[in-house]
Amino acid sequence: MSKLPLSAAKDPMGAAIYEYHTKGKAAKLRVFSSQFDEDEIPVADLFRGFDEMPYLEKVALEMAQGSILDVGAGAGCHSIALGQMGKRATAIDISPLSVQVMRERGVNARTADFFDPTFVEQYDTVLLLMNGSGIIGRVENIGKFFDRLKVLVRPGGCALMDSSDLRYLYEDEDGSFAIDLAGDYYGELDYQMQYRNIKGGVFDWLYIDFQTLSYYAEQNGFRVELVVEGEHYDYLAALRML
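About the thresholds
- Residues numbered from 1 in each chain as written.
- Predicted model: local features only at pLDDT ≥ 70, side-chain atom pairs only at ≥ 80, totals over all residues.
- Heavy atoms only, no water.
- 1 Å grid on protein atoms, 1.4 Å probe; cavity = no way out; pocket = protein on both sides within 12 Å on 5 of 7 lines; lining within 4 Å.
- Points joined across faces, edges and corners; volume = space filled by probe spheres on them.
- Helix = DSSP H or I, 4+ residues; strand = E, 2+ residues; numbered from the N terminus.
- Nonpolar A, V, L, I, M, F, W, Y, C, P; charged D, E, K, R; others polar.
- Phe/Tyr/Trp six-rings, centres within 6.5 Å; stacked < 30°, edge-to-face > 60°.
- Lys NZ or Arg CZ within 6 Å of the ring centre and 35° of its normal.
- Pairing = 2+ DSSP bridges.
- Axes fitted to C-alpha atoms, helices over the stretch in contact; angles between N-to-C directions.
- Core = buried A, V, L, I, M, F, W, Y, C linked by side-chain atoms within 4.5 Å.
- Buried < 20%, exposed > 50% of the residue type's maximum accessible area, 1.4 Å probe, protein only.
- Contact = heavy atoms within 4.5 Å.

1. Remarks on the layout of surface pockets
- In this model, the second largest pocket occupies a volume close to 170 Å³.
- Lining the second largest pocket are Asp165, Arg167, Asp209, Phe210, Gln211, Leu226, Glu229, Gly230, Tyr233, Asp234 and Tyr235.
- Among the elements of the structure, α6 (210-219), β11 (222-229) and β12 (234-241) are those that each provide at least two residues to the lining of the second largest pocket.
- Of the residues assigned to the lining of the second largest pocket, the class counts are four nonpolar, two polar and five charged.

2. As for the packing of aromatic side chains
- Evaluated as defined, the whole model comprises ten aromatic pairs.
- Between the NZ or CZ atom of Lys58 and the centre of the ring of Phe50, over which it lies, the distance is 5.7 Å.
- We note Lys199 situated over the ring of Phe32; from NZ or CZ to the ring centre the distance is 5.2 Å.

3. Digging into the sheet that holds strand β3 (residues 67-71)
- Pairing within the open sheet is mixed, and its seven strands lie in the order β5-β4-β3-β6-β7-β12-β11. The two strands at the open ends of the sheet, each matched to only one other strand, are β5 (109-111) and β11. Pairwise comparison of adjacent strand axes, ignoring direction, gives a mean angle of 20° for this sheet.
- Here three bridges tie strand β4 (residues 88-93) to β5, and the two strands are oriented parallel to one another. Pairing of Ala91 across the sheet is with Ala109, part of β5.

4. Digging into the nonpolar core
- The biggest cluster of nonpolar side chains holds 48 residues, and the ones touching the most others in it are Val126, Phe145, Phe146, Leu149 and Leu239.
- Examining the composition of this core, we find that five residues originate from one element, helix α5 (residues 142-152), more than from any other.
- Filtering out sequence-adjacent residues up to four positions away, Val126 remains in contact with Leu69, Val71, Leu149, Leu152, Val153, Cys158, Ala159 and Leu160.
- In this structure, Ala60, Ala81, Leu129 and Leu236 belong to the second largest nonpolar core, which totals 18 residues.

5. Notes on the pairing of β12
- With six bridges joining them, strand β7 (residues 153-164) and β12 adopt antiparallel strand pairing. Following the sheet pairing, Leu160 is matched in β12 by Ala238.
- The pairing of β11 with β12 spans seven bridges and is classified as antiparallel. When the bridges of β12 are listed, Arg223 appears paired with Arg240.
- Counting the residues that bridge the hairpin from β11 to β12 gives four residues, and of these Tyr233 lies at a positive phi of roughly 65°.

6. Focus on unusual backbone geometry
- The backbone of Arg196 sits at a positive phi, close to 55°, despite the residue not being glycine.
- Its place among the elements puts Arg196 in the loop between β8 (188-195) and β9 (198-199).
- Phi at Tyr233 is positive, roughly 65°, even though this residue is not glycine.
- Locating Tyr233 in the fold gives a position in the loop between β11 and β12.

7. Here we look at empty space enclosed by the protein
- In this structure the tally under the stated criterion is one cavity of 30 Å³ or more.
- Roughly 40 Å³ of internal volume is contained in the largest cavity.
- Taken together, Asp70, Val71, Gly72, Ala73, His78, Leu129 and Met130 form the lining of the largest cavity.
- Class assignment for the residues of the lining of the largest cavity results in four nonpolar, two polar and one charged.

8. Let's talk about the pairing of β8
- In terms of burial, β8 is largely enclosed, as seven of its eight residues are buried.
- The pairing of strand β1 (residues 29-32) with β8 spans four bridges and is classified as antiparallel. Counted as the bridge partner of Leu29 is Tyr195 from β8.
- Pairing analysis gives four bridges linking β8 to strand β10 (residues 203-206), with the strands arranged antiparallel. Residue Leu189 lies in a different strand from β10, and its bridge partner there is Trp205.
- In this sheet, β9 lies alongside β8 in antiparallel orientation, the contact comprising two bridges. Residue pairing across strands places Tyr195 opposite Ile198, the latter belonging to β9.
- Counted between consecutive antiparallel strands, the loop separating β8 from β9 contains two residues, among which Arg196 sits at a positive phi close to 55°.

Don't take any of this as a statement about function, it's just geometry.
Structure representation (structure tokens):
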């Protein structure tokens, strides 16, 4: 599952982050999916400060303690906020361009892949934010995800991960949900990004409801605590080894 590293020719988000960092503005970061209409990610949001962050992210950053790993850190906004709190964070991303930007912003960052089996350092807190469950890709990969947490989370530590339950997309007017239980899990999506003329590859992205996460966590030797729920089917969970 290792994706390390992204080449500049296939790294639209890294290109957008680099341009915004160097020029103070960026073009549209376009997002495509076979399931939904075209969307975009406001690049400025990747540089937001603590006060601009969603409530779930603020709670996670306040809870994080000890040595902290910021997974898929992008432009480094979470690591920067942690540093302002006097906390120690290491940021990783598979985008060398993003890592370059983070380093120039004063973040302790390096190019690394969460799923790389040679990445074996341990941390008290592993942060997976901005729908951190997305990196799992598909439900069938969730065992590999928990295997990596067993390596990276120090005994007594935890992973803090946010996600969303997408069932609201399938809600009928009468309040019932038109979900095909015989099909793929409804939170499995595919995405592709484009920034200017730079187009990335198609990748899987997982949104997982809390009950399903809890089930697989228990199967893989973890317990999950629902820390806080957001305003729209989103939540923050703490994952700890049993």
